[in-house]
Amino acid sequence: MRKHAKLNVPKVNLHPLRITQGWKVNYNHFVEIDPRTLEANDDSWFLFTDSLLQLYHEQSSITLDLGWVPDISPEGNYWF
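Here we summarise the structure given alongside this text. (Residues numbered from 1 in each chain as written. Predicted model: local features only at pLDDT ≥ 70, side-chain atom pairs only at ≥ 80, totals over all residues. Heavy atoms only, no water.)

## So, the packing of aromatic side chains
- Considering all chains together, one arrives at six aromatic pairs under this definition.
- Measuring from centroid to centroid gives 5.7 Å for Phe30 and Tyr78, while their planes differ by 85°, and the two rings are edge-to-face. Of this pair, Phe30 sits in the loop between β1 (23-28) and β2 (53-57) while Tyr78 is found in strand β4 (residues 77-79), placing the two residues 48 residues apart along the sequence.
- What makes Phe30 buried here is its relative accessible area of 17%.
- Ring centres of Trp45 and Trp68 lie 5.8 Å apart, and the angle between their planes is 40°; on these two criteria the pair is classed as tilted. Of this pair, Trp45 sits in the loop between β1 and β2 while Trp68 is found in strand β3 (residues 62-69), placing the two residues 23 residues apart along the sequence.
- Here Trp45 falls in the buried class, since its relative accessible area comes to 3%.
- Here a set of aromatic residues connected by ring pairs shows up, and it is made of Phe30, Trp45, Phe48, Trp68 and Tyr78. (Phe/Tyr/Trp six-rings, centres within 6.5 Å; stacked < 30°, edge-to-face > 60°. Helix = DSSP H or I, 4+ residues; strand = E, 2+ residues; numbered from the N terminus. Buried < 20%, exposed > 50% of the residue type's maximum accessible area, 1.4 Å probe, protein only.)

## Some points on the side chain of Ser73
- Take Ser73: it is sitting in the loop between β3 and β4.
- Once residues within four sequence positions are removed from consideration, Ser73 is found in contact with Trp45 and Trp68. (Contact = heavy atoms within 4.5 Å.)

What follows is the structure in C-alpha cells.
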C-alpha cells in the first residue's frame, strides 16, 4: 500500500525573465523564493531542484542550465 505525504509548499511566482531575441526557454521552474529566508525543515525546499531553468540559443548552440545542487537541500547552491 502506498502512502502519500502532503507537503506545505506555497504557490509562488516564477522569476520574471528578460530574454533577448534568439533564446528559447526550454523550461522555467525558477521561483521567487530567497533560499536564505527558509528554515531547514521548510517544505519549500522541494522547489529547489537541479532543473530550475534551461535556455537555448540555436544560432550559437549555447545551452544555459540553472539548478540547485544538491537537490532539495538547505546546504545547496545555485549551479549553472
